[in-house]
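# Overview (structure and organization)
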Amino acid sequence: GQQVMQIPQYQHVQEGEDFTTYCNSSTTLSNIQWYKQRPGGHPVFLIQLVKSGEVKKQKRLTFQFGEAKKNSSLHITATQTTDVGTYFCAGPNYGQNFVFGPGTRLSVLP
Amino acid sequence: NAGVTQTPKFQVLKTGQSMTLQCAQDMNHEYMSWYRQDPGMGLRLIHYSVGAGITDQGEVPNGYNVSRSTTEDFPLRLLSAAPSQTSVYFCASSYVGAVGSTEAFFGQGTRLTVV
């Protein structure tokens, strides 16, 4: 079945540095979603990408969907301590549910 | 607007006991699902439902049962708890948009320990 992989597993950055996490699928995705989970919290939806080559921005966050629709990335510019958490990508499977990647845990040192 | 409500928040079970994790949503979403989250493994889909009366298995269904008698409720039953079922359980709901399932709304989670 479809698998969604993410790298890196962990990332430690100094506040103000940039951060990028990458998501790769073994199959072509019709769309991809990104979620953020704060420590001790629940996943919260960030964005959904649908089109090949799509780029979307949310303030300091930039999301990209690859041309082949098999990979995606999330880039955070000038990280802040509020960015701490685990970032998951998710691709559709099992009907219209989603298979989640293992996540990238981001820690930001002040 | 409560969104997705899970109960209980914490639970300790003895091996072999059974219990039901409750999940309710007030957004009239068609899709509901249960995930378990273990350290370093992300979220894995246990069971899901595309509407009242319809359920199906996800990635890791063994040891769990579900039913969906109403749009709002989607309980998860552990038949005979095992230590391997120690995990954090999340219920989620979503609706169907033009490109399929849209954003999933997650409950606060149930932290289950089986001793």
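See above for the structure.
The structure reproduced in this document is the subject of the present report. This is a predicted model, so every value here is computed, not measured. (Residues numbered from 1 in each chain as written. Chains lettered and ligands numbered in written order. Predicted model: local features only at pLDDT ≥ 70, side-chain atom pairs only at ≥ 80, totals over all residues. Heavy atoms only, no water.)

So, on to the side chain of A:Lys36. All names here are of chain A. With respect to the element layout, Lys36 can be found in strand β4 (residues 32-37). Salt bridges are absent for the buried Lys36, whose nearest opposite-charge side chain, Asp83, sits at 4.7 Å. Here the side chain of Lys36 touches Thr82 through a polar contact of 2.7 Å, landing on its backbone oxygen. If we skip the residues at most four places from it in the chain, Lys36 touches His42, Pro43, Val44, Leu46, Thr82, Asp83, Val84, Thr86 and Tyr87. (Helix = DSSP H or I, 4+ residues; strand = E, 2+ residues; numbered from the N terminus. Buried < 20%, exposed > 50% of the residue type's maximum accessible area, 1.4 Å probe, protein only. Lys, Arg positive; Asp, Glu negative; His and termini not counted. Salt bridge = Lys/Arg side-chain N within 4 Å of Asp/Glu carboxyl O. Polar contact = N/O pair within 3.5 Å; in protein donor to acceptor, adjacent residues only side chain to side chain. Contact = heavy atoms within 4.5 Å.)

What follows covers the sheet that holds strand β7 (residues 64-66) of chain B. Residue and element names in this part refer to chain B. Judged by pairing direction, the sheet is antiparallel, and its 4 strands sit side by side in the order β1-β3-β8-β7 without closing on themselves. Across the chains shown, the open sheet's two edge strands, defined by having one partner strand only, are β1 (4-7) and β7. Neighbouring strand axes in the sheet, compared pairwise and without regard to direction, differ in orientation by 20° on average. For strand β3 (residues 19-25) and strand β8 (residues 76-78), the ladder comprises 3 bridges, and the chain directions are antiparallel. (Pairing = 2+ DSSP bridges. Axes fitted to C-alpha atoms, helices over the stretch in contact; angles between N-to-C directions.)

For the rest of this paragraph, the subject is the interface of chain A and chain B. Each side of the interface is counted separately: chain A has 21 residues, and chain B has 23 residues. Of the roughly 1,900 Å² buried at the junction of chain A and chain B (both faces included), carbon and sulfur atoms supply 56%. At the boundary of chain A with chain B, the tally comes to 5 residue pairs in polar contact (both at pLDDT 80 or more). If you tally residues by element for the side of chain A that touches chain B, the top one is strand β10 (residues 97-100) of chain A, at 4 residues. Of the residues assigned to the side of chain A that touches chain B, the class counts are 10 nonpolar, 11 polar and no charged. (Buried area = accessible area lost by both parts, 1.4 Å probe. Nonpolar A, V, L, I, M, F, W, Y, C, P; charged D, E, K, R; others polar.)

Turning our eyes to something else, we now look at unusual backbone geometry. With an omega of -5°, the peptide bond between A:Ile7 and A:Pro8 qualifies as cis. In this structure, A:Lys69 takes a positive phi of about 55° despite not being glycine. Structurally, the position occupied by A:Lys69 is in the loop between β7 (61-65) and β8 (71-76). The backbone phi angle of B:Asn28 is positive, close to 60°, even though this residue is not glycine. With respect to the helices and strands, the residue B:Asn28 is situated in the loop between β3 and β4 (31-37). Here B:Asn28 falls in the exposed class, since its relative accessible area comes to 60%.

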